[in-house]
Amino acid sequence: MPAAAPAPEIIEGTWEEVSRQSARLSGHRVRVVILTETETDAPEATGRYAARMRPQLEESSRTPATPDERKAAEREVQKLKDALNESRRRDGAEPIF
């Protein structure tokens with residue numbers, strides 16, 4: 001019997017906090033969900049959100065990314081890094097990436 005796929009990891013925080021993990025996440029398929037203020041207000045809301053998302057995350061973790069999907073994801077990650085760096089430059093801060 002094949003080994004069970006590991007449970008998907010849920011990473012939560014501000015974009016800046018999550019993007020600091022880009023090296024660890026590089027090459028992995030990820031899903032970014034922008035939470036509304038009400039979803040981030042209380043820990044129990046986060047738990048409910050995680051419970052709703054777990055079946056979708058488990059399914060997507062069993063579906064390997066194709067080479068084209070990986071390339072597209074890498075391009076999107078680079079766009080996000082570039083946008084974050086540009087935003088930091090506008091604010092007078094040093095780029096992160």
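Each remark here, short or long, concerns the structure printed above.
Being a predicted model, the structure only gives us computed values, none of them experimental.

The subject of this paragraph is the overall build of the protein chain. When helices and strands are tallied, the protein chain shows 5 helices and 0 strands. Classification of the 97 residues of the protein chain by burial places 15% in the buried group. By sequence separation, contacts in the protein chain at least 24 residues apart represent 51% of the contacts at least 6 residues apart. Counting every atom, the protein chain has about 7700 Å² of accessible surface; 54% of that belongs to carbon and sulfur.

A few words on the side chain of Ser19. Turning to its location among the elements, Ser19 is positioned in helix α1 (residues 15-19). The contact partners of Ser19, leaving out residues within four places of it in the chain, are Leu84 and Phe97.

Approximately 1700 Å³ is the volume attributed to the largest pocket. Forming the boundary of the largest pocket are 47 residues, of which Leu25, Arg29, Val30, Arg31 and Val32 lie nearest the centre. Listed by contribution, the elements that provide at least two residues to the lining of the largest pocket are α1, α2 (22-25), α4 (43-61) and α5 (67-90). No other element matches the 9 residues that α5 contributes to the lining of the largest pocket. Class assignment for the residues of the lining of the largest pocket results in 24 nonpolar, 13 polar and 10 charged.

A few words on the environment of Lys81. Relative to the helices and strands, Lys81 is located in helix α5. With 15 residues separating them in the primary sequence, Lys81 and Ile96 have C-alpha atoms 8.1 Å apart. If near-sequence neighbours (up to four positions away) are discounted, Lys81 is found in contact with Ser22 and Phe97.

Moving on, we come to the pattern of salt bridges. Within this structure, the stated rule accounts for 4 salt bridges. Across the pair Arg90 and Glu86 runs a salt bridge whose closest N-O atoms are separated by 4.0 Å. Of the two residues, Arg90 and Glu86 are both situated in helix α5; the distance of 4 residues between them amounts to about one turn of the helix. Residue classification places Arg90 among the exposed positions, given a relative accessible area of 61%. Assessed through its relative accessible area of 36%, Glu86 is described here as partly exposed. Salt bridges linked by common partners bring Glu86, Arg89 and Arg90 together as one network.

About the criteria used
- Residues numbered from 1 in each chain as written.
- Predicted model: local features only at pLDDT ≥ 70, side-chain atom pairs only at ≥ 80, totals over all residues.
- Heavy atoms only, no water.
- Helix = DSSP H or I, 4+ residues; strand = E, 2+ residues; numbered from the N terminus.
- Buried < 20%, exposed > 50% of the residue type's maximum accessible area, 1.4 Å probe, protein only.
- Contact = heavy atoms within 4.5 Å.
- Areas by Shrake-Rupley, 256 points an atom, 1.4 Å probe, with all protein chains shown as cover.
- 1 Å grid on protein atoms, 1.4 Å probe; cavity = no way out; pocket = protein on both sides within 12 Å on 5 of 7 lines; lining within 4 Å.
- Points joined across faces, edges and corners; volume = space filled by probe spheres on them.
- Nonpolar A, V, L, I, M, F, W, Y, C, P; charged D, E, K, R; others polar.
- Salt bridge = Lys/Arg side-chain N within 4 Å of Asp/Glu carboxyl O.

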